[in-house]
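Here is how the chains run, residue by residue.
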Amino acid sequence: MMNKKDGETGNAPIVGRRIFMKRIWKILGLVAVAEFLFFIISLLRPSREINKSRSVLTLRDIGNVEDFPAGSVTPDRINRLYIIREQDGGFLALSITCPHLGCSVLWDEARQQFDCPCHSSAFDRHGVVLSSPAPRPLDYFPVIIEEGKVRVDISQGTRRRRFEPNQVTYAV
Ligand code: FES
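These numbers come from a predicted model, not from an experiment. (Residues numbered from 1 in each chain as written. Predicted model: local features only at pLDDT ≥ 70, side-chain atom pairs only at ≥ 80, totals over all residues. Heavy atoms only, no water.)

Draft legend 1. Inspection of the overall build of the protein chain at higher detail. Broken down by element type, the protein chain carries one helix and eleven strands. Start at the N end of the protein chain and walk to the C end: the helices and strands fall as α-β-β-β-β-β-β-β-β-β-β-β. Residues counted as buried form 33% of the 172 residues belonging to the protein chain. Excluding contacts between residues fewer than 6 apart, the proportion of contacts in the protein chain whose partners are at least 24 apart in sequence is 45%. Surface exposure of the protein chain reaches about 11700 Å², of which carbon and sulfur atoms provide 60%. (Helix = DSSP H or I, 4+ residues; strand = E, 2+ residues; numbered from the N terminus. Buried < 20%, exposed > 50% of the residue type's maximum accessible area, 1.4 Å probe, protein only. Contact = heavy atoms within 4.5 Å. Areas by Shrake-Rupley, 256 points an atom, 1.4 Å probe, with all protein chains shown as cover.)

Draft legend 2. Region of interest: the environment of S132. In this structure, S132 sits in the loop between β8 (129-131) and β9 (140-141). In sequence terms S132 and H119 are 13 residues apart; their C-alpha atoms lie 8.4 Å from each other. Residues within four places of S132 in sequence aside, it is in contact with H119, S120 and S121.

Draft legend 3. The arrangement of a positive patch on the surface in detail. Together, R18, K22, R23 and K26 make up a positively charged patch on the protein surface. With respect to the element layout, K26 can be found in helix α1 (residues 2-58). (Patch = residues over 30% accessible without salt bridge, like charges linked within 9 Å, V, L, I, M, F, W, Y side chains within 5 Å. Salt bridge = Lys/Arg side-chain N within 4 Å of Asp/Glu carboxyl O. Lys, Arg positive; Asp, Glu negative; His and termini not counted. Charge placed at Lys NZ, Arg CZ, Asp CG, Glu CD.)

Draft legend 4. Looking closely at the state of the cysteines. This structure, assessed with the given rule, holds one disulfide. Here C103 engages in a disulfide with C118; their sulfurs sit 1.9 Å apart. Judged by the sign of its S-S torsion, about -95 degrees, the cystine formed by C103 and C118 is left-handed. Of this pair, C103 sits in the loop between β4 (91-95) and β5 (106-108) while C118 sits in the loop between β6 (113-115) and β7 (122-123), and the two are 15 residues apart along the sequence. On the basis of relative accessible area, C118 is assigned to the partly exposed category, the value being 38%. (Disulfide = S-S within 2.5 Å.)

Draft legend 5. Representation of the packing of aromatic side chains in the model. The final tally for this structure, using the stated rule, is three aromatic pairs. Note on W107 and F114: the rings are 4.7 Å apart at their centroids and 55 degrees apart in plane angle, and the pair reads as tilted. Among the residues examined, W107 registers a relative accessible area of 16% and is labelled buried. Among the aromatic residues, those joined into a cluster by ring pairs are Y82, W107 and F114. (Phe/Tyr/Trp six-rings, centres within 6.5 Å; stacked < 30°, edge-to-face > 60°.)

Draft legend 6. Representation of the nonpolar core. If you look at the biggest cluster of nonpolar residues, it comprises 16 residues, and the most contacted ones within it are Y82, I84, L94, V105, F114 and F123. Looking at this core, the elements with two or more residues in it are β3 (81-85) and β4. Counting residues in each nonpolar core, the second largest holds twelve residues, with V65, I83, F91 and V143 among its members. (Core = buried A, V, L, I, M, F, W, Y, C linked by side-chain atoms within 4.5 Å.)

Draft legend 7. Up close: the pattern of salt bridges. Throughout the structure, instances matching the rule amount to five salt bridges. Here D61 makes a salt bridge to R151, at a shortest N to O gap of 2.5 Å. In this pair, D61 is assigned in strand β1 (residues 59-64) and R151 in strand β11 (residues 149-153), connecting sequence segments 90 residues apart. Exposure remark for R151: the relative accessible area of 17% places this residue in the buried category. For R162, the salt bridge is made with E164, and the minimal N-O distance between the two is 3.5 Å.

Purely geometric numbers; function is a separate question.
Written out as structure tokens, the structure is:
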């Protein structure tokens, strides 16, 4: 009789401790999940801010639409690019940097082509290779036309294999 009573009173604290420990583990689990979610959210939030500030910093005002006559090729030495205005009014922004070894290409108005002074590569007005050693066309940049302003995102220099009409931007 004494033993059973002792046993009952002896088990009660053990059961109570188990329940207590289960609750502690549940709370710790919830805290871990909350910390994980907070970590994920904090990872996402700064990256959005960085992308936003990057696009503001790298979007350059090049000029007004009417500053570029149809058929013109205009150098922008500050941003190291050329603005090509197509006869139909479209805009194409090309990198000034030769894709061979990085010299600056020069526009030859008479021959209607870009020439590289370093190793004589030549490119047509869309930046397509006319003569090697350049391994690919001049890179191009996205052009954005807003409220009559021509803007170029200089962070988005894009390699390409050929000229495609979708690389040309038109005012809406
Ligand atoms: S750097 Fe332009 S051809 Fe070599």
